[in-house]
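# Fold and geometry: a report
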Amino acid sequence: MANRALAGLRVVEMTEAWVGPVCASMMGDLGADVVKVESYPRHSMTRPVAPRAATMPGEGPVYERDALHHQGNRNKRNVALDVRTPGGAEVLRRLVSGADLFLEGYSAGKLEQLGFGWEQLRALNPRLVMISLAGWGSAGPYVGRSALGSALDASSGYMAVRGHPDGPFEDVTPTVHSDATGSQTLFFAALTALELRDLAGKGLFVDLSQWEGLVWQFPGLLGEWELNRRLPPRTGNAEPTVVPHGLYPAAGEDEWVALVARDDREWAALASALGHPEWAQEGHEWATVPGRLRRREAVDRALAAATRRRPGDELADAVQQAGAVGARVVHSAQIAESSQLRARGWIETISHRWTGPVAMGGFLWRIEPDAPAWERPTALVGEHNDEVLGELGFSPAEVEELREAGALGDHYQ
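Residues numbered from 1 in each chain as written. Predicted model: local features only at pLDDT ≥ 70, side-chain atom pairs only at ≥ 80, totals over all residues. Heavy atoms only, no water.

Attention now moves to the overall build of the protein chain. If you tally the helices and strands in the protein chain, you get 17 helices and 11 strands. Of the contacts made within the protein chain by residues no fewer than 6 positions apart, 68% connect residues no fewer than 24 positions apart. Summing over all exposed atoms, the protein chain offers an accessible surface of approximately 20,700 Å²; the carbon and sulfur share of this is 55%. (Helix = DSSP H or I, 4+ residues; strand = E, 2+ residues; numbered from the N terminus. Contact = heavy atoms within 4.5 Å. Areas by Shrake-Rupley, 256 points an atom, 1.4 Å probe, with all protein chains shown as cover.)

Let us look at the pattern of salt bridges. Going through the model one piece at a time under the given rule, you end up with 30 salt bridges. One salt bridge connects Arg93 with Glu90, and the closest N-O pair in it is separated by 3.2 Å. Placement of the pair is Arg93 and Glu90 together in helix 3 (residues 86-97), with a separation of three residues, close to one helical turn. Here Arg93 falls in the partly exposed class, since its relative accessible area comes to 30%. Here Glu90 falls in the partly exposed class, since its relative accessible area comes to 26%. Here the salt bridges do not stand alone but share partners, grouping Arg10, Asp33, Arg77, Glu387 and Glu391 into one network. (Salt bridge = Lys/Arg side-chain N within 4 Å of Asp/Glu carboxyl O. Buried < 20%, exposed > 50% of the residue type's maximum accessible area, 1.4 Å probe, protein only.)

The peptide bond linking Val243 to Pro244 adopts the cis configuration, its omega dihedral lying at 0 degrees. Within the element layout of this structure, Pro244 appears in the loop between helix 9 (219-228) and strand 7 (245-249). A cis amide bond, omega 5 degrees, links Glu368 with the succeeding residue Pro369. The backbone of Arg229 sits at a positive phi, close to 55 degrees, despite the residue not being glycine. Counting through the fold element by element, Arg229 comes out in the loop between helix 9 and strand 7. At Asp254, a position not held by glycine, the phi torsion is positive, near 55 degrees. For Asp254, the position within the fold is in the loop between strand 7 and strand 8 (256-260). With relative accessibility at 48%, the residue Asp254 sits in the partly exposed group.

The next point concerns the packing of helix 1 (residues 19-29) against helix 7 (residues 177-200). Contact geometry for helix 1 and helix 7: axes closest at 8 Å, N-to-C directions at 50 degrees. The angle between helix 1 and helix 7 places the two elements in the oblique class. When the axes of helix 1 and helix 7 are compared, the crossing they make is right-handed. The segment helix 1 lies against helix 7, with Val19, Gly20, Val22, Cys23, Met26 and Met27 engaging Ser178, Asp179, Gly182, Ser183, Gln184, Leu186, Phe187, Ala190 and Leu191. (Axes fitted to C-alpha atoms, helices over the stretch in contact; angles between N-to-C directions. Parallel < 35°, antiparallel > 145°, perpendicular 65-115°, else oblique. Left-handed = near helix turned anticlockwise from the far one by under 90°.)

Moving on, we get to the domain arrangement of the protein chain. In terms of domain boundaries, the protein chain breaks down into domain 1 (10-216 + 346-404) and domain 2 (245-337). The distance between the C-alpha centroids of domain 1 and domain 2 comes to 42 Å. (Domains from an automatic or database assignment.)

Hydrogen bonds between backbone groups are what pair the strands of a sheet, and the pairing can be parallel or antiparallel. Within the open sheet, the three strands sit side by side as 7-8-9. Their pairing is antiparallel. Taken across any chain shown, the strands that pair with only one partner, and hence form the sheet edges, are strand 7 and strand 9 (325-328). Here the average twist between neighbouring strands, direction ignored, is 20 degrees. With four bridges connecting them, strand 8 and strand 9 associate as antiparallel partners. From the neighbouring strand, Leu259 faces strand 9, where its bridge partner is Gly326. Along the sheet face, helix 13 (residues 312-322) touches strand 8 and strand 9 and points at about 160 degrees away from the line of strand 9. (Pairing = 2+ DSSP bridges.)

The subject of this paragraph is helix 1. Among the 11 residues of helix 1, 11 are classified as buried, and the element is accordingly described as predominantly covered. Among the residues making up helix 1, those that are buried are Val19, Gly20, Pro21, Val22, Cys23, Ala24, Ser25, Met26, Met27, Gly28 and Asp29. Contacts made by the buried residues of helix 1 are with strand 1 (10-14), strand 2 (33-39), strand 4 (101-104), helix 7 and helix 8 (210-215). Gly31 sits one or two positions beyond helix 1 and adopts a positive phi of about 105 degrees.

A few words now on the packing of aromatic side chains. Tallied over the full model, the rule gives nine aromatic pairs. Between Trp118 and Phe205 the ring centres are 6.0 Å apart and the planes differ by 35 degrees, which places this aromatic pair in the tilted class. Residue Trp118 is found in helix 5 (residues 118-124), and its partner Phe205 is found in strand 6 (residues 204-207); the two are separated by 87 residues along the sequence. Put simply, the rings of Tyr40, Tyr63 and Tyr412 pair up and form one aromatic cluster. The aromatic ring of Trp374 is capped on one face by Arg74, whose charged end is 5.2 Å from the ring centroid. Looking at Arg94, its charged tip hangs above the ring of Phe394, at a distance of 3.8 Å from the centre. (Phe/Tyr/Trp six-rings, centres within 6.5 Å; stacked < 30°, edge-to-face > 60°. Lys NZ or Arg CZ within 6 Å of the ring centre and 35° of its normal.)

Given below as structure tokens:
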């Protein structure tokens, strides 16, 4: 691997969807040896066997062409195991015995039932760091319940404050906040736990409730009720203490621009960029923060009238140059066209067996001179079965026996 920041670290990952896989990919980006243990013969939700919106064009199995799976599973080796079989269980035991970090995303108690709970694994590897990603945590009345990001968003209170105040309560954007932030929470926990392991000289178990990590991000929701006995309102694109703060129409069909002025200086800059410096002159009712807060609707109407005649890019550039906050609202197809992302080399062109060259999003950070690199395309199901099992001491004949017994696989039905 080009990056050596985590060189020598061995990670075994048994997670699905987004949080665990993306965290493990970030570790692989930085040089860790990551082995993904994929469930077999059951396929994960990012390995669909029927086409869907995220299916990339190309030949070969549908489950090898899912964009979400590709984005979240780079820089890993892949083994596909049925750990419910004696042979599959033995492979996992050997993997964990030589690992520094074991990430698992099953419902609480599931691995204990399979014989891979913390006490069993600590006996195999006293220096192991094990992190459980059970959605609700490893203890409490919710033990055994399943969770996806939508359930976590709902139960954290976050979903209740999304959307517009005059829109249907259930009409919220399906973007899952817990998935977007959980991988970073896990990454921080993993590096911290490994540091503690090295200081203490022994392994440790981390009970990471994805739900608790998400609730922590919204202290205002709980505080509003505990301190003021108020339920936070649904505000759409507005910010209660900032005017303007919203989306405004630009020239063209379904074109919009985001505009924000946090104080009177930014308001003066925004008003000037829109050709209405009088809005910020002394004595105008909108010239101060209190005045704009009192006349929010009037300010929004005036801004919309001024913006709808100009292209979004032109508006955003003018507002930014003047000293306020402005950005064109882009559609998903336009993200890859961003001159900023292109100039920074963030878009990665990856070659994969079944998709050919394909553009993918890049990394969360840059480290110079040892930058992260997408050196391993997303692995095929069981692509590294023989390689990894050989390293674990299994002979070719034993690997074949495991395959024939159904403990090991390289495709889904």
